[in-house]
Amino acid sequence: MSRKSSISESSAISGLSTGSGRTYVHEESTLLLETTENNVVRHYLVPLEVATKQKNWKRKGTKLHIYNDHTFVAKHIPGGILCFVCNRSIPRRPGKQGYECRDCAIQCHKPCHVRAPQACPNPKILSMQL
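Basis of the calculations
Residues numbered from 1 in each chain as written. Predicted model: local features only at pLDDT ≥ 70, side-chain atom pairs only at ≥ 80, totals over all residues. Heavy atoms only, no water. Helix = DSSP H or I, 4+ residues; strand = E, 2+ residues; numbered from the N terminus. Buried < 20%, exposed > 50% of the residue type's maximum accessible area, 1.4 Å probe, protein only. Areas by Shrake-Rupley, 256 points an atom, 1.4 Å probe, with all protein chains shown as cover. Core = buried A, V, L, I, M, F, W, Y, C linked by side-chain atoms within 4.5 Å. Contact = heavy atoms within 4.5 Å. Pairing = 2+ DSSP bridges. Axes fitted to C-alpha atoms, helices over the stretch in contact; angles between N-to-C directions. Salt bridge = Lys/Arg side-chain N within 4 Å of Asp/Glu carboxyl O.

*Asks:* Would you explain the overall build of the protein in this entry?
*Replies:* In terms of regular secondary structure, the protein is built from two helices and six strands. Ordered by position from the N terminus, the helices and strands of the protein form the series α-β-β-α-β-β-β-β. Classification of the 130 residues of the protein by burial places 42% in the buried group. With the model as given, the accessible surface of the protein reaches about 7700 Å², and the carbon-plus-sulfur share is 49%.

*Asks:* How should the nonpolar core be read in this particular structure?
*Replies:* For soluble globular proteins, nonpolar side chains are generally found buried alongside one another. Phe-72, Cys-83, Tyr-99, Cys-101, Cys-108 and Cys-112 are the most contacted members of the largest nonpolar core, which has 15 residues in total. Those residues in contact with Cys-112, other than ones at most four positions away along the chain, are Cys-83, Val-85 and Cys-86. Counting six residues, the second largest nonpolar core, distinct from the first, contains Leu-64, Ile-66, Val-73 and Met-128.

*Asks:* Mind showing me how you'd approach the sheet that holds strand E2 (residues 40–45) here?
*Replies:* Strand pairing in a sheet relies on backbone hydrogen bonds, with the paired strands running either antiparallel or parallel. Spatially, the six strands line up as an open sheet ordered E2-E1-E3-E4-E5-E6, and their pairing is antiparallel. Among the strands making up the open sheet, the edge pair consists of E2 and strand E6 (107–109). The sheet shows a mean angle of 35° between the axes of neighbouring strands, direction not considered. Of the strand pairs in this sheet, strand E4 (residues 70–75) and strand E5 (residues 98–101) are connected by four bridges, and their pairing is antiparallel. By the bridge assignment, Ala-74 is partnered in E5 with Tyr-99.

*Asks:* Teacher, can you tell me more about the pattern of salt bridges here?
*Replies:* As a working rule, side chains carrying opposite charge can pair if their charged atoms are close by. On inspection of all chains with the given rule, the structure shows two salt bridges. Between Glu-34 and Arg-102 there is a salt bridge, and its shortest N-O distance comes to 2.5 Å. Within this pair, whereas Glu-34 is found in strand E1 (residues 30–37), its partner Arg-102 is found in the loop between E5 and E6, the two being separated by 68 residues in sequence. The partner of Arg-42 in a salt bridge is Glu-37, and the shortest N-O contact between them spans 3.1 Å.

This is the structure we're talking about:
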């Protein structure tokens, strides 16, 4: 049985995939924006209406997808890599077609990140201040 992080449980992010060039969001994961302001790293919870409706956010930064204490970031995955969750190949194509946990380095398809079978063994999400 999967164990979601407390941040994931409080999220209002929708299960709809947004169109091309927009952020993939899912109701079971939490979307955070990581920015650096005056040499200080800050994290902001992204509300549902911002994640699904606005094309351009006012703040630039790294989008973090939190699920099961994993901190997933979108990555361009080289060909031949198997998804950690479904064990199928992640296709090589332009753009960021998969997610990688920046704490434990598992790689998966974007829709598969909410099916990660175990909690991250090295979570850093618990030390983030929102």
